[in-house]
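Next come the chains, spelled out residue by residue.
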Amino acid sequence: MAASLATADLDGVAREDAWLLMPLLATLAMIAAVVVVQEWRDPPFELGNPVWQTASKWLGSPSSSRVSTTVNGPWLAVGYPLLLAMVLIRAFVISTDASSARRLLLLLAWVGCAYAVYGILAEFGDPNGLLSRRKEAYLGYATGTFVNRNTAAIFWGSSAILFLVPLVRFAHRRDLPDAPASPRLSDRVTFYSSSPAALGIGFAICLTATAMTGSRAGLLLSICAFLLAGVLYLAPLPLGNLRRWALAGGAAVAALLILQLVGGAVAGRIGTYGLIDEQRLGAYQRSVAIIRDYPLLGVGWGNFETTFPAYRTAELGSLGVWDRAHSTPLELAAELGLPAASLVVLCCLWYIYLLLRSSLRRKRDRYIPIVGVSVAALGLVHSCIDFSLQIPGFGIFFAAIAGCGLAQSIPSELRKERGKFE
């Protein structure tokens, strides 16, 4: 990815694009500074983690102190977020051209569909296998190439959005009595090179795979993301109050039908276990305890698994290893401290705002930022109660779609007015 960025064609990048990426770059710089401080040997102002004093006492010899609870943890943890940032920026650069953005979404949509087909077939053909090894967890549920069914559900739910939005757009264009048979129709064809039937089939496959995971949050949040995409597409249209309410009611009925028709396993798990996982709530409370003890600089990036056992209570039992907080914001705050984690959250919220604004205001290619904000909202909300964005198989997919949507959140006319970035 670094080589791809280094050789990227920047002719289509304008000054406005560079300014849009500045919050991301500033956040990366802030995190890099925090990591440097965390790895600082014998830091001043008594910032060192008390664990090093305990180690010196038990070893009987003095050792260097650090903010981080491990020597190399923060440096090793930097790689994956840096990869996500590079993927987002590369997708952004590609998608400054609308036709390239459509081709990128085309690729991502059918890749997601191909993974969904594999996941469905694998569940029927080899339910106890996971690629070349045996499946040890979530037996009886589709996970595709993922170990965790929740991540698989969000991945396929995001893939379904890539089919749903152009399908809604096609239905709207066909519904207009004076819809021009025009460049817009050509755009629709090149966008997914598919008929509405193919879009519907792709959506149905991804939705079925999502339901087969049995993930409660995965399916429910995916349905919410579908509704969000529909609302954003229809909100700026001059439909009239009666038609608007009819569409809203139809969407709600469709969501319930989806849950009933394909969400049997999910509904069963909700009936058995409810919507709230008590153990996960306990883990959140212990994560808050870590944040309370290390609010400024955290325990070191990538050190949650190392630190959590000291905070683990009897209520969590002895089964399993809590290597993640099951809440990415909480884990960031525990590992990086509240200031850095707050900056990451603010950066994400700012980009969500830009995507929402563009989804409602942009005149041409409005469906691209709608796809971007729907997938971004799905991934970010789910990561507040799980760790889907921390898994590269979904994180890279997510970053590419978000980068594509952000690039098309800037009107083409503005790029022409401001000139190219030099």
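Residues numbered from 1 in each chain as written. Predicted model: local features only at pLDDT ≥ 70, side-chain atom pairs only at ≥ 80, totals over all residues. Heavy atoms only, no water.

1. A look at helix α2 (residues 15-38)
Now for step 1: For α2, with 24 residues, the first-to-last C-alpha span of 35 Å sits near the 34 Å given by 1.5 Å per residue.
Now for step 2: A bend of about 35 degrees at Met 22 is the largest found in α2, and the proline Pro 23 appears one to four places after it.
Now for step 3: Of the residues making up α2, those classed as buried are Asp 17, Ala 18, Leu 20, Leu 21, Leu 24, Thr 27, Ile 31, Val 34, Val 35 and Gln 38. (Helix = DSSP H or I, 4+ residues; strand = E, 2+ residues; numbered from the N terminus. Expected span 1.5 Å × (residues − 1). Bend = angle between axes of the 7 residues up to and from the residue. Buried < 20%, exposed > 50% of the residue type's maximum accessible area, 1.4 Å probe, protein only.)

2. A few points about the confidence of the model for the chain
Now for step 1: On average, residues of the chain score 85 in pLDDT, and 82% of them are at 70 or above.
Now for step 2: Contacts of residues 175-193 to residues separated by more than four positions or lying in other chains number 29 contacts, the stretch itself having pLDDT below 50.
Now for step 3: Segment residues 418-422 is flagged for pLDDT under 50; beyond a separation of four residues in sequence, or across chains, it makes 12 contacts in the model. (pLDDT = per-residue confidence, 0-100. Contact = heavy atoms within 4.5 Å.)

3. Things to note about the nonpolar core
Now for step 1: Among the nonpolar cores identified, the biggest contains 75 residues, and Leu 108 and Leu 162 are the most heavily contacted of them.
Now for step 2: Discounting chain neighbours no more than four positions away, the residues touching Leu 108 are Leu 162, Phe 397, Ala 400 and Ile 401.
Now for step 3: Core analysis: the next-biggest nonpolar cluster, separate from the first, contains 27 residues, Ala 289, Phe 304, Tyr 311 and Leu 316 among them. (Core = buried A, V, L, I, M, F, W, Y, C linked by side-chain atoms within 4.5 Å.)

4. So, the packing of helix α9 (residues 216-234) against helix α16 (residues 367-383)
Now for step 1: As a packed pair, α9 and α16 sit with axes 9 Å apart at the nearest point and diverge in direction by 150 degrees. Considered as vectors, α9 and α16 are oriented roughly antiparallel to each other. In the packing of α9 onto α16, the handedness of the crossing is right-handed. Together, Ala 217, Gly 218, Leu 221, Ser 222, Ala 225, Leu 228, Ala 229, Leu 232 and Tyr 233 of α9 and Ile 370, Val 373, Ser 374, Ala 377, Leu 378, Val 381 and His 382 of α16 make up the contact between the two elements. (Axes fitted to C-alpha atoms, helices over the stretch in contact; angles between N-to-C directions. Parallel < 35°, antiparallel > 145°, perpendicular 65-115°, else oblique. Left-handed = near helix turned anticlockwise from the far one by under 90°.)

5. Some details on the packing of α2 against helix α15 (residues 338-361)
For any two helices packed against each other, the geometry is given by the interaxial angle and the distance between the axes.
Now for step 1: Packing of α2 against α15 leaves a shortest axis separation of 10 Å and a crossing angle of 170 degrees. Relative to α15, α2 is oriented roughly antiparallel. On α15, the residues touching Leu 20, Leu 21, Met 22, Pro 23, Leu 24, Ala 26, Thr 27, Met 30, Ile 31 and Val 34 of α2 are Ala 340, Leu 343, Val 344, Cys 347, Trp 350, Tyr 351 and Leu 354.
Now for step 2: For the contact of α2 with α15, the residue count by class is 16 nonpolar, 1 polar and no charged. (Nonpolar A, V, L, I, M, F, W, Y, C, P; charged D, E, K, R; others polar.)

6. A short note on empty space enclosed by the protein
Now for step 1: One pass over the structure, following the stated rule, counts 2 cavities of 30 Å³ or more.
Now for step 2: By volume, the largest cavity is sized at about 50 Å³.
Now for step 3: Looking at the lining of the largest cavity element by element, the count peaks at 3 residues for helix α5 (residues 98-125).
Now for step 4: Taken together, the residues that form the lining of the largest cavity break down as 4 nonpolar, 4 polar and 3 charged.
Now for step 5: The space that makes up the second largest cavity amounts to roughly 30 Å³.
Now for step 6: Among the elements that take part in the lining of the second largest cavity, α9 stands out by supplying 4 residues, more than any other. (1 Å grid on protein atoms, 1.4 Å probe; cavity = no way out; pocket = protein on both sides within 12 Å on 5 of 7 lines; lining within 4 Å. Points joined across faces, edges and corners; volume = space filled by probe spheres on them.)

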